[in-house]
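# Observations on chain architecture
For reference, the chains in residue letters:
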Amino acid sequence: MTLLFGKNVPADLDLDDEDQVSAALKRAAPFQPDDVELVLFEIVAGQILDEDPPLVWETAQRLHGRGLGRRQLMLELALAAAPAMSAAIGGGPDPFGERYAKSLRALPVATDRDVEDAARALLAMPERMTLDELHERLLARLDVTELIDEVTDLIESVTDRMLMADELELVAGDVVVDPEQLCQGIVLTTRVTADWPALDTDLAGLSYLTDEVAEPPADAAPGQLLQGRLHDGEVVFEPIPEPPLDADFVDAIRRAYAIESEETGLPQTFRELTMHLLADDPTVFDQPRLPLTELVAAAGLEIRGDLVADGRAAWRVQAHSVAAFRIAGTAAGEEQQRDLLDVYGLFERVDSGEYEISASELRRVLDLMADEAILQIATDQFLGDGEDSESLDAVEAFARRLSAAASKPLQRAVAGVVSALVAERRCDPLAAADALAEAVRQAPDFFPAVDRLAWTRADQGRAAEAKALWSQVFTPDDPDLEAIESAMGGQGNPGAGMRRNEPCWCGSGRKYKVCHLRANDLPSLPERFRWMLRKTVSYVERRGAPLTQIVTETAWKLADEDPEKVTEAMHDSLVLDVVLHELGWLDRFLAERGALLPEDEQLLYASWQLVPRTVYEIVSVSPGVGLQLRDLREAELLDVQERIGSQTATAGQLICARAVPDGSGHRLLGAVISVPPGQEDAFLDIVDDPDPVALANRLLAFMSAASRPPELQTTTGEPMLFCTRVLRVDDPESVRPVLDRAYVSGGPDRWYQERPGDVDSLVLATLELDGSILTVQTMSEYRVDEIAADLTELLPDAVLVSESREPIEAAAGRTPPSDPERVDAAVKIAMAARMALIEENWCSESVPALGGLTPREAAEDPTQRERVIRLIDSFPAGGGVTDEGVATMRPDRLRELLGIQ
């Protein structure tokens, strides 16, 4: 049963119910739902259950005796069943007859490990071989006489997996190598730089062996040459003299790149170059050379990250490959994918300098890009990260060709939007504004142009125009419209609510539309604070690649790489806060959009950049008005306007935040994190990190870990699982005295395994007899195995009926192995006495949340007294012993003991 259904054999499984059996097999199968072996597993399982043919079960027992694990054993049986199954589908005679029996007797043929070991042994030979030659030699080495097709499939599957996992590599000519063998003992060099360690470049060969890299020697100066070797699973370094430049080796690098890139025209990674060099000469890195990055540069090759190329053509091929991959993953359906590839293909033709492109081709692309989704995806691909001026030149040239070919208003609007995007990336938003205004004039209903022009006018402070444009495409509850309304609805805007043809508020006698409608009549900075925040969010939403990808990656970090949590993380204010501040995108916002912003806003944004994230203590609260904060680093007091947060905040609470100027006072900017008592030092350590990117990663990791549910453990530190083991006994009467002697009796037909305690014994497991059924329940795998071993000796004739081991969440609602009725009045009194002693001891024990001080030491130290007060305030109110026997410390009693009433 364990072979088929694993350890968790369902207690109520009806082997005569085919649907139940099939469902149970699928749940317990050692294969994934999309594995072909799953179907064969069900067939083999049915044969074992039906004992037809009997040789299947006999073979399973024989393989188990050979030491094969459950998955590998079932994989072997599936190998034998595969050809028989194919014959059955084809209508062949007696598919599970003598040929099937012959295949079963030939087992075991080969395991995954057999193939891996044989592959490594073959690749240790000095001669080079292609992947096809490796497959042929593996088949010969495994000495297969039966199931040749199936074992061939297994060999290909294993080698494919090893290639995907970088356990094998292919070099030019389809030659296969074992990187681990080639890289053993190699010596690579690198220099001490800010990009330490160079594991993807200079040390790429060693990255096959480990990702553990030691710090450079403490006395190593910037730029110093270090030799790296593998030692005890870690790359360690020592200074070495400068070796001479080896011209022959530089030529070898140039040849290796040419050979590796000849077929695809793509850039090569440092790993690929290293493998090619080692495959040609395994001794090439036996002695230290100059760093590989310097040798590659000496070979006339360009380096971008971990990629190496010989010119723009290779980077263009790389860009096409990446774009095609992204388009395939982004497009909504095959038709949109084809359209996007057509658009991108024409862009590449223009970028390559081809001028024999007809106007009709350009107009067709303009018509395709009139689709908002295609326009956004395509321009993201054209522009990339916007850091490369050559890329911007290429997109600008493409926009000019599109503009020249456009013959309809909508086509001219599309070309105008593309031109505007280039201008934005060149940090020329005023030129972008002109292009967008013309695009809207050409096509007043073209959403991308209308929305982007409205965004531009909003950044300029031209609220009425922005509102009029956005009102065409958004509902009144849109966040951009709401932000404008909140800012411009106050007394600071004399023209708020005025109609265009009314006399202007200034008394000039002219109509409002020709006088002050377009003037920058803005309310005070504090009234614009919310609007200013919205401008940064609008930038994040509309800027495009790569910012969109960075926001997504940041959300994944906060979600702890959990797909079920990432949507929630995308809406967490901490993500945008980190992206804008620690990751530098507020700087980019000011660089790209600053020329649009009113001068006073530019200055206020710049002041925000000077305010670090810190930990504040809330000193006092004015509900609905604001907070008085004390910076724990500098001890200065700060009054902050906070209408909503002040309604729930309490004095003494700690927060991690950033309080910035708003033009007259201060407000909290971005995410406000509640800091648990005792965690303030941890937060301060994080926010004091001088590297903003490291700070961001540490903060995200800390908050991600804090959101994880606690890992439930037993009192002995084991993972907590709900474990049930059901046995059948022949003679219940003879069992009772045996259990009475081995365990503590808990009443008729109930026993406990206990561990003595100071006040009361702790129940570790329960055993309950119901007729001939003995049920064991515990919260620990170790304990259930321990009791299973004991019962095997105590009750040798007992038969296992079922066993299950489930996470606590899956077992929710079940009765745990304890007996609340045993917590009587006497026990409660004893527990209360014990808790009083614990409270007294706690006051004199070192507490991590107090930085290692005891509560008594902290209470007596004026600089630490507030910390212990906050810590006690965080304990559950009341305390004491509940009717269920749960005991907690009493905050009031702790305050009394410490004299901090």
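Keep in mind the model is a prediction, meaning the values are calculated, not measured. (Residues numbered from 1 in each chain as written. Predicted model: local features only at pLDDT ≥ 70, side-chain atom pairs only at ≥ 80, totals over all residues. Heavy atoms only, no water.)

### A look at the overall build of the protein
Secondary structure summary: the protein contains 37 helices and 24 strands in total. When burial is assessed residue by residue, the protein has 44% of its 901 residues classed as buried. Excluding contacts between residues fewer than 6 apart, the proportion of contacts in the protein whose partners are at least 24 apart in sequence is 59%. Accessible surface for the protein amounts to roughly 44,900 Å². Of this, 51% is attributable to carbon and sulfur atoms. (Helix = DSSP H or I, 4+ residues; strand = E, 2+ residues; numbered from the N terminus. Buried < 20%, exposed > 50% of the residue type's maximum accessible area, 1.4 Å probe, protein only. Contact = heavy atoms within 4.5 Å. Areas by Shrake-Rupley, 256 points an atom, 1.4 Å probe, with all protein chains shown as cover.)

### Looking at the packing of helix H16 (residues 359-369) against helix H19 (residues 409-425)
The N-to-C vectors of H16 and H19 enclose an angle of 80°; their axes lie 9 Å apart at closest approach. The angle between H16 and H19 falls in the class roughly perpendicular. Contacts between H16 and H19 involve Arg363, Leu366, Asp367 and Met369 on the former and, on the latter, Gln411, Val414, Ala415 and Val418. Tallied by class, residues from the contact of H16 with H19 come to five nonpolar, one polar and two charged. (Axes fitted to C-alpha atoms, helices over the stretch in contact; angles between N-to-C directions. Parallel < 35°, antiparallel > 145°, perpendicular 65-115°, else oblique. Nonpolar A, V, L, I, M, F, W, Y, C, P; charged D, E, K, R; others polar.)

### What to know about the packing of aromatic side chains
Counted by the stated rule, this structure contains 14 aromatic pairs. The interplanar angle of 85° and the centroid separation of 5.8 Å between the aromatic rings of Phe249 and Phe285 together place this pair among those described as edge-to-face. Here Phe249, found in helix H11 (residues 247-262), pairs with Phe285, found in the loop between helix H12 (270-280) and helix H13 (292-298); they are 36 residues apart in sequence, far enough to count as distant. Note on Tyr605 and Trp608: the rings are 5.1 Å apart at their centroids and 80° apart in plane angle, and the pair reads as edge-to-face. Of this pair, Tyr605 and Trp608 are both found in helix H29 (residues 599-608), three residues apart, which corresponds to roughly one turn of the helix. For the pair shown, Tyr605 and Trp608 are each scored as buried. Sitting above the plane of the Phe249 ring, Arg289 keeps its charged end 4.0 Å from the centroid. Positioned over the ring face of Trp531 is Lys535, at 4.6 Å from the centre of the ring. (Phe/Tyr/Trp six-rings, centres within 6.5 Å; stacked < 30°, edge-to-face > 60°. Lys NZ or Arg CZ within 6 Å of the ring centre and 35° of its normal.)

### Overview of helix H17 (residues 372-383)
In an α-helix, one turn spans 3.6 residues, which is why side chains three or four residues apart end up on the same side. With twelve residues, H17 extends 16 Å between its outermost C-alpha atoms, agreeing within 8% with the 16 Å of an ideal straight helix rising 1.5 Å per residue. Burial analysis of H17 places nine of its twelve residues in the buried class, the great majority of the element. In this structure, the buried residues of H17 make contact with helix H14 (312-330), helix H15 (334-351), H16, helix H18 (389-405), H19 and helix H21 (447-460). The distance from a side-chain oxygen at the start of H17 to the backbone nitrogen of Ala373 is 2.9 Å, and the residue carrying that oxygen is Asp371. (Expected span 1.5 Å × (residues − 1). Polar contact = N/O pair within 3.5 Å; in protein donor to acceptor, adjacent residues only side chain to side chain.)

### Section: the pattern of salt bridges
Under the definition given, this model contains 60 salt bridges. Measuring nitrogen to oxygen at the nearest pair gives 2.6 Å for the salt bridge that ties Asp785 to Arg805. Highlighted residues: Asp785 in helix H33 (residues 781-794) and Arg805 in strand S22 (residues 799-807), separated in sequence by 20 residues. On the basis of relative accessibility, which here comes to 38%, the residue Asp785 falls in the partly exposed class. (Salt bridge = Lys/Arg side-chain N within 4 Å of Asp/Glu carboxyl O.)

### Overview of the confidence of the model for the protein
Atomic detail in the predicted coordinates should be set aside for any region of low pLDDT. On average, residues of the protein score 85 in pLDDT, and 86% of them reach the 70 mark or higher. Per-element averaging of pLDDT across the protein places helix H34 (residues 825-842) at the bottom with 65 and helix H20 (residues 429-442) at the top with 97. A low-confidence stretch, residues 809-824 stays under pLDDT 50, and its non-local contacts, those more than four residues away or across chains, total 23 contacts. (pLDDT = per-residue confidence, 0-100.)

### What about the sheet that holds strand S9 (residues 307-309)?
Two pairing modes exist for strands in a sheet, parallel and antiparallel, and in both the strands are linked by backbone hydrogen bonds. Reading across the sheet, the three strands line up as S7-S9-S8 and stay open at both edges, with antiparallel pairing between neighbours. Looking at strand neighbours, the two that pair on one side only are strand S7 (268-269) and strand S8 (302-304), the edges of this open sheet. Note: S8 against S9, three bridges, orientation antiparallel. By the bridge assignment, Arg304 is partnered in S9 with Leu307. Sheet strands in contact with H14 are S8 and S9, and its direction is about 130° off that of S9. (Pairing = 2+ DSSP bridges.)

### Examining the sheet that holds strand S3 (residues 175-177)
Taking strand neighbours across the sheet as the criterion, the three strands line up as S1-S3-S2 in an open arrangement whose pairing is antiparallel. Of all the strands in the sheet, just strand S1 (129-130) and strand S2 (169-171) have a single pairing partner and so form its edges.

### Regarding the environment of Leu402
Within the secondary structure, Leu402 is located in helix H18. Looking at Leu402, the relative accessible area reads 0%, which means it is buried. Remark: the alpha-carbon pair of Leu402 and Leu366, spanning 36 residues in sequence, is separated by 7.1 Å.

### Notes on H21
When the terminal C-alpha atoms of H21 are compared, their 20 Å separation across 14 residues agrees well with the 20 Å that a helix rising 1.5 Å per residue should span. Counted residue by residue, H21 has 13 buried out of 14 residues, so it is predominantly covered. Where H21 ends, the next residue or the one after it, Gly461, has phi of about 85°, a positive value.

### Some remarks on the pairing of strand S5 (residues 225-231)
Both strand S4 (residues 188-191) and S5 contribute to a ladder of four bridges, which runs antiparallel. Within the sheet, the bridge partner assigned to Leu188 lies in S5 and is Gly228. The pairing of S5 with strand S6 (residues 234-239) spans six bridges and is antiparallel. Within S6, the position partnered with Arg229 by the bridge is Val236.

### Description of the nonpolar core
Counting residues in hydrophobic clusters, the biggest one holds 104 residues, and the most contacted among them are Met369, Phe382 and Trp531. For this core, the element with the highest residue contribution is H19, accounting for nine residues. (Core = buried A, V, L, I, M, F, W, Y, C linked by side-chain atoms within 4.5 Å.)

### Looking at the environment of Gly626
Here Gly626 shows up in strand S11 (residues 626-631). A C-alpha to C-alpha distance of 5.5 Å links Gly626 and Ser646, two positions 20 residues apart in sequence.

### A few points about the packing of H14 against H15
Axis separation between H14 and H15 bottoms out at 10 Å; the angle between their running directions is 165°. Taken together, the axis directions place H14 and H15 in an arrangement best described as roughly antiparallel. Between H14 and H15 lies a crossing whose hand is right-handed. Contacts from Arg312, Arg316, Ala319, His320, Ala323, Ala324, Ile327, Ala328 and Thr330 in H14 reach Gln336, Gln337, Leu340, Leu341, Tyr344, Glu348 and Asp351 in H15. Here the contact of H14 with H15 is composed, by residue class, of eight nonpolar, four polar and four charged. (Left-handed = near helix turned anticlockwise from the far one by under 90°.)

### Some thoughts on the pairing of strand S21 (residues 773-778)
A one-sided burial pattern is seen for S21, the buried positions being Leu774, Val776 and Thr778 and the unburied ones Ile773, Thr775 and Gln777. Two strands pair when backbone bridges link them, and strand S17 (residues 721-728) and S21 are joined in this way by six bridges, in the antiparallel orientation. Note that in S21 the partner of Arg725 across the bridge is Val776.

### Remarks on the side chain of Gln460
Checked against the element boundaries, Gln460 lands in helix H21. Among the polar contacts listed, one links the side chain of Gln460 to the side chain of Arg457, at a separation of 2.9 Å.

### As for the side chain of Asp202
Here Asp202 is to be found in the loop between S4 and S5. Put simply, Asp202 is tucked away with no salt bridge, and the nearest opposite charge, on Arg191, sits 7.3 Å away. A polar atom in the side chain of Asp202 sits 2.8 Å from the side chain of Thr293. (Lys, Arg positive; Asp, Glu negative; His and termini not counted.)

### Considering unusual backbone geometry
Residue Ala545 is joined to Pro546 through a cis peptide bond whose omega torsion reads 0°. For Pro546, the position within the fold is in the loop between helix H24 (525-542) and helix H25 (547-558). A positive phi angle, near 60°, is found at Cys427, a position not held by glycine. As for its position among the elements, Cys427 is in the loop between H19 and H20. Residue class for Cys427 comes out partly exposed when judged on its relative accessible area of 39%. One non-glycine residue, Asp749, adopts positive backbone phi at about 60°.

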